[in-house]
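# Coordinate inspection notes
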Amino acid sequence: MVLVKFADLPCRVKAVSIENEDGSYTIILNSKLNYEQNVESFKHEINHIDNNDFCKECTDRIEYYAHLK
Ligand SMILES: [Zn+2]
C-alpha cells in the first residue's frame, strides 16, 4: 500500500519515499512544485518502491528528510 502526502519541502527536494513500520510506503510530494512535476516525481518514487531499489539521489533525500523531523 502506498500513501501520498504533500508537504512544504525545500525546493531542491522533489519527493521523498518512506517505508512505514507496517510495510506500507508514504510518498511525500513537494507542494511547492506543480502538478506535472509531482506526477513525474510520483512515477519515479513508485518505480523505486516496485523494484525495492532506491537510487543514490533518493536515498540522500530520505536521509535529509529524516533529519528534518
Ligand atoms: Zn530516485
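Below: a short report on this structure. Starting from 1, residues in each chain are numbered consecutively following that chain's sequence as written. Only residues with pLDDT of at least 70 are given local features in this predicted model, and only at 80 or more are side-chain atom pairs given and counted; all residues enter the totals for whole chains, interfaces and linings. Each side-chain value is worked out from all heavy atoms of the structure, with water and hydrogens disregarded.

### Some words on the coordination of the zinc ion
Note that water is not among the atoms considered, so a metal site may appear incomplete; the donors listed are N, O and S atoms within 2.8 Å of the metal, with 3.2 Å applied to Na, K and Ca. Around the zinc ion, the protein contributes the donor atoms His44 (NE2), His48 (NE2), Cys55 (SG) and Cys58 (SG), which lie 2.0 to 2.3 Å from the metal centre. Labels for metal geometry use angle windows, namely 85 to 135 degrees for all angles of a four-donor tetrahedral site, and for square planar (four donors) or octahedral (six donors) sites opposite donors over 155 degrees apart plus all others within 65 to 115; sites meeting none of these are irregular. For the zinc ion, the 4 donor atoms in the first shell make angles of 94 to 131° at the metal, so the coordination geometry reads as tetrahedral. Site description for the zinc ion: donor spacing in sequence, H-x3-H-x6-C-x2-C. Of this pair, His44 sits in helix 1 (residues 35-51) while Cys55 is found in the loop between helix 1 and helix 2 (56-68), placing the two residues 11 residues apart along the sequence. Only protein chains enter the accessibility calculation, which uses a 1.4 Å probe; a residue is then buried when its area is under 20% of its type maximum, exposed when over 50%, and partly exposed in between. The class of Cys55 is partly exposed, set by a relative accessible area of 25%. Strands here mean DSSP runs of E at least two residues long; helices mean DSSP runs of H or I at least four residues long; both are numbered from the N terminus.

### Observations regarding the sheet that holds strand 1 (residues 2-7)
One open sheet accounts for 3 strands, arranged 1-3-2; its pairing is mixed. Of all the strands in the sheet, the pair left with one neighbour each is strand 1 and strand 2 (15-19). Going from strand to strand, the sheet's axes swing by 20° on average, the running direction of each strand aside. When strand 2 meets strand 3 (residues 25-30), the two strands line up antiparallel, connected through 5 bridges. Residue pairing across strands places Ser17 opposite Ile27, the latter belonging to strand 3. Whether two residues are in contact is decided by their heavy atoms: any pair within 4.5 Å suffices. The axes are straight lines fitted to the C-alpha atoms, using for helices just the contacting stretch, and the angles between their N-to-C directions are given from 0 to 180°. Across the sheet, helix 1 is in contact with strand 1, strand 2 and strand 3; its angle to strand 3 comes to roughly 155°. Following DSSP output, two strands are said to pair if at least two bridges run between them.

### Observations regarding the pattern of salt bridges
Salt bridge criterion: a side-chain nitrogen from Lys or Arg within 4 Å of a carboxyl oxygen from Asp or Glu. Within the structure shown, the criterion is met by 5 salt bridges. Notably, a salt bridge pairs Glu45 with Arg61, separated by 3.4 Å at the nearest N-O pair. Linking Glu45 in helix 1 with Arg61 in helix 2, this pair joins segments that are 16 residues apart in sequence. In this structure, the salt-bridge partner of Arg61 is Glu57, at a minimum N-O distance of 3.2 Å. Here Glu57 and Arg61 lie together in helix 2, a separation of 4 residues that amounts to about one turn. A residue is classified by how much of its surface remains accessible, and Glu57, at 46% relative accessible area, is partly exposed.

### Comments concerning the side chain of His48
Of note, His48 is situated in helix 1. Residue His48 is classed as buried on the basis of its relative accessible area, which comes to 9%. When neighbours within four sequence positions are excluded, His48 is seen to be in contact with Asp53, Phe54, Cys55 and Cys58.

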